[in-house]
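Listed below, chain by chain, are the residues.
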Amino acid sequence: MSTFGTLFRVTTYGESHCASVGAIIDGCPPGLELSAQDIQVQLSRRRPGQSDLTTPRNEKDFVQLQSGIEQGVTLGTPIALLVKNEDQRPHDYTETDLYPRPSHADYTYLQKYGIKASSGGGRSSARETIGRVAAGAIAEKYLKIVYGIEIVAFVSSVGKVHLPATIAPPSLTPINSDEEDDTANDALSKDLVNLLSTISRDEVDKYPTRCPHPETSERMIKRIIRAKDAQDSIGGTVTCVIRNVPSGLGEPVFDKFEASLAHAMLSIPATKAFEIGSGFRGTEVPGSQHNDPFVNDGTGRLRTTSNWSGGIQGGITNGENVYFRIGFKSPATISQAQDTAKYDGTPGSLAARGRHDPCVVPRAVPIVEAMAAIVVMDQLLIQNSRKTAANLLPPITTLPPTMVMPKKDF
Ligand SMILES: Cc1cc2nc3c(=O)[nH]c(=O)nc-3n(C[C@H](O)[C@H](O)[C@H](O)COP(=O)(O)O)c2cc1C
């Protein structure tokens, strides 16, 4: 369905060429100061036409607040937000009346519903993500004010152009490497830890690619332009960090924190992969090196000396930075002619017209941040409701020490 979340519930609506797209957000706490500008900042980072690296579809994506807010303050009631679709060009898509675009959603939507939007990607278009970004901006404002939580995503690769291996090591060692070699290499390098601890959105936005590394960003620009000039497309990865996450978030079985994150991230169009913490790389590192030992940080709080876990153990946050990486495929719609078949089964060649992103990752950054914020917000409300319910009970004083956190050692 079109709803995500349990207590912070986000329902998005809209197709690429209908009158508007947007969201209804239920469960936002009352009393949060909120303006359209709070939301607009992230929508403008997502909007098309930001640079030569994105689709030229010209949408300003101005948000209109419809309900749930009065005098600049949330009422606790559903917040409805809409953004008009203003630059639709349905005639761009006449070829796709005949052809399902290879690796797009035209064929599968028809299989599912027996009917599909007559032009554009309909509901499968990235226009749908506007509602998510708007909802995420609301969640983020609450999380920042109440918990100081910071969420920053950045582009970590485009095609085969990666951040230097010291910052973003490859997921797996290339085949034929020495199987006797147990060293963990740079999978959790100081550079990566430092980047995750310090990276800001202002720094990320200095680069049109949203890759915060000057030389790599330049090479990524060339790679994207090469794809564009060849009427082709290219994929990439986005890395995201969530800082100052309270410990104890995430439900221990089916709604583990990382499972909710994976659900959220893999619901973004064009995603193909999700890695939490050490990810696939962690499979190559012996436990003796992969474990995150505990240490008393001097204030009575247990921290870990490393963070291969990505801030989550047993599906529950441990208070360290949560970080993860998402793989985005090369966009399906390309104007290079491609042999394929028409809906009626006859073979043919499709050269798709229309305005399309040669690479989605620069624009995916605020979408990733939004989905992360929605997950954190939802899990926080769930944990807070559990704690509130527990705190209403009279204290139990007869528990054996093995059942509770010992106090005097910390
Ligand atoms: C920010 C963003 C922009 C996108 N732009 C395009 C595009 O211009 N052309 C295209 O074919 N797909 C684009 N996509 C991806 C499609 O929406 C997606 O591939 C399609 O819905 C099929 O779904 P799937 O790739 O998840 O299987 C974009 C995705 C994102 C996140």
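Conventions we followed
- Residues numbered from 1 in each chain as written.
- Predicted model: local features only at pLDDT ≥ 70, side-chain atom pairs only at ≥ 80, totals over all residues.
- Heavy atoms only, no water.
- UniProt positions renumbered as here; feature names shortened; annotations may be inferred.
- Near = heavy atom within 4 Å.
- Polar contact = N/O pair within 3.5 Å; in protein donor to acceptor, adjacent residues only side chain to side chain.
- Areas by Shrake-Rupley, 256 points an atom, 1.4 Å probe, with all protein chains shown as cover.
- Nonpolar A, V, L, I, M, F, W, Y, C, P; charged D, E, K, R; others polar.
- Pairing = 2+ DSSP bridges.
- Helix = DSSP H or I, 4+ residues; strand = E, 2+ residues; numbered from the N terminus.
- Salt bridge = Lys/Arg side-chain N within 4 Å of Asp/Glu carboxyl O.
- Buried < 20%, exposed > 50% of the residue type's maximum accessible area, 1.4 Å probe, protein only.

- Going by an unreviewed UniProt entry, the chain carries the name Chorismate synthase and comes from Galerina marginata.
- Check the Subunit (unreviewed entry) section of the UniProt entry for the chain; it says "Homotetramer."

1. Comments concerning the site of the ligand
Then comes step 1: In the region of the ligand, 14 residues are neighbours, and S124, A270, K329, T333 and D357 sit closest.
Then comes step 2: Within the backbone of A270, a nitrogen or oxygen atom sits 2.9 Å from an oxygen atom of the ligand.
Then comes step 3: The contact in question runs from a nitrogen atom of the ligand to an N or O atom on the side chain of H356, over 3.3 Å.
Then comes step 4: Taking 630 Å² as the accessible area of the ligand by itself, protein coverage stands at 87%.
Then comes step 5: Considered class by class, the residues forming the shell around the ligand number seven nonpolar, four polar and three charged.

2. Here's the deal with the sheet that holds strand β3 (residues 20-26)
By definition, the strands of a sheet pair up through backbone hydrogen bonds, in either a parallel or an antiparallel sense.
Then comes step 1: The strand order β1-β2-β3-β7-β4 describes an open sheet built from five strands, whose pairing is antiparallel. Where the open sheet ends on each side, the last strands, each with one partner, are β1 (3-4) and β4 (63-65).
Then comes step 2: Two strands pair when backbone bridges link them, and β4 and strand β7 (residues 79-84) are joined in this way by three bridges, in the antiparallel orientation. Note on β7: the bridge partner recorded for V63 is V83.

3. So, the pattern of salt bridges
Then comes step 1: Taken as a whole and judged by the stated rule, the model has 18 salt bridges.
Then comes step 2: Salt-bridge contacts for E284 lead to R281; the nearest nitrogen and oxygen are separated by 3.8 Å.
Then comes step 3: In this structure R281 comes out as buried when scored by relative accessible area, which is 9%.
Then comes step 4: With its nearest N and O atoms 2.8 Å apart, the salt bridge here joins R363 to D357.
Then comes step 5: Residue classification places R363 among the buried positions, given a relative accessible area of 8%.

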